[in-house]
Amino acid sequence: MPESKPRKRASSAAPAVKSSQPKPNPAWYKPVMFGLMIIGLLWIITFYISMSTLPVAAWGSWNILVGFGIAIIGFLMTTRWR
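Residues numbered from 1 in each chain as written. Predicted model: local features only at pLDDT ≥ 70, side-chain atom pairs only at ≥ 80, totals over all residues. Heavy atoms only, no water.

Asks: Whenever I open this one, the packing of helix α1 (residues 29–49) against helix α2 (residues 62–77) confuses me. Can you help?
Replies: The axes of two packed helices give the description: the angle between them and the distance between them. Viewed as axis vectors pointing N to C, α1 and α2 meet at an angle of 160°, and their least axial separation amounts to 8 Å. Taken together, the axes of α1 and α2 are roughly antiparallel relative to one another. Considering how the two elements wind past one another, α1 and α2 form a crossing that is left-handed. Side by side, α1 and α2 meet where Tyr29, Val32, Met33, Leu36, Met37, Ile39, Gly40, Trp43, Ile44, Phe47 and Tyr48 of the first sit next to Asn63, Ile64, Val66, Gly67, Phe68, Ile70, Ala71, Ile73, Gly74, Phe75 and Met77 of the second. Classifying every residue of the contact of α1 with α2 by side-chain character gives 18 nonpolar, 4 polar and no charged. (Axes fitted to C-alpha atoms, helices over the stretch in contact; angles between N-to-C directions. Helix = DSSP H or I, 4+ residues; strand = E, 2+ residues; numbered from the N terminus. Parallel < 35°, antiparallel > 145°, perpendicular 65-115°, else oblique. Left-handed = near helix turned anticlockwise from the far one by under 90°. Contact = heavy atoms within 4.5 Å. Nonpolar A, V, L, I, M, F, W, Y, C, P; charged D, E, K, R; others polar.)

Asks: Explain α1 here, please?
Replies: Since the α-helix packs 3.6 residues into each turn, any two residues three or four apart lie on the same face. Between its terminal C-alpha atoms α1 stretches 30 Å, which fits the 30 Å expected from 21 residues at 1.5 Å a residue. Of the positions making up α1, those classed as buried are Tyr29, Met33, Met37, Gly40, Ile44 and Phe47. Buried residues along α1 cover an arc of 100° about the axis, so they all sit on one side. Projecting away from the buried face of α1 at angles above 90 degrees are the exposed residues Pro31 and Ile49. At the exit of α1 stands methionine 51, carrying a positive phi of roughly 55°. (Expected span 1.5 Å × (residues − 1). Buried < 20%, exposed > 50% of the residue type's maximum accessible area, 1.4 Å probe, protein only. Arc of directions from axis to C-beta.)

Asks: Explanation requested: α2 in the structure shown.
Replies: Taking 1.5 Å of rise per residue, 16 residues should cover 22 Å, and α2 covers 23 Å from first to last C-alpha, within 8% of that figure. Among the residues of α2, those classed as buried are Asn63, Gly67, Ile70, Ala71, Gly74 and Met77. Projection of α2 onto a plane perpendicular to its axis shows the buried side chains occupying an angular sector of 115°, all on one side. Residues of α2 that are exposed and angled more than 90 degrees away from the buried face: Trp62, Leu65 and Leu76. Looking at the buried side of α2, the elements it contacts are α1.

Okay, structure coming up:
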């Protein structure tokens, strides 16, 4: 009975091993994260102190939503912070 040919081996280079540690965030990540939270807070405080005339008078009460939106983006960034 004829013998079968041996199988060819995969290349001798070792496969790339994924590290179990996640990569650290870039240097700009933390200042942007905290900056957005502070800007959102200052936006809301400015709206209340100026009695609805600042930061954008035409937006009226929507300024509260804008301030919270900016701050929430900063808080959402905390979930990806390493």
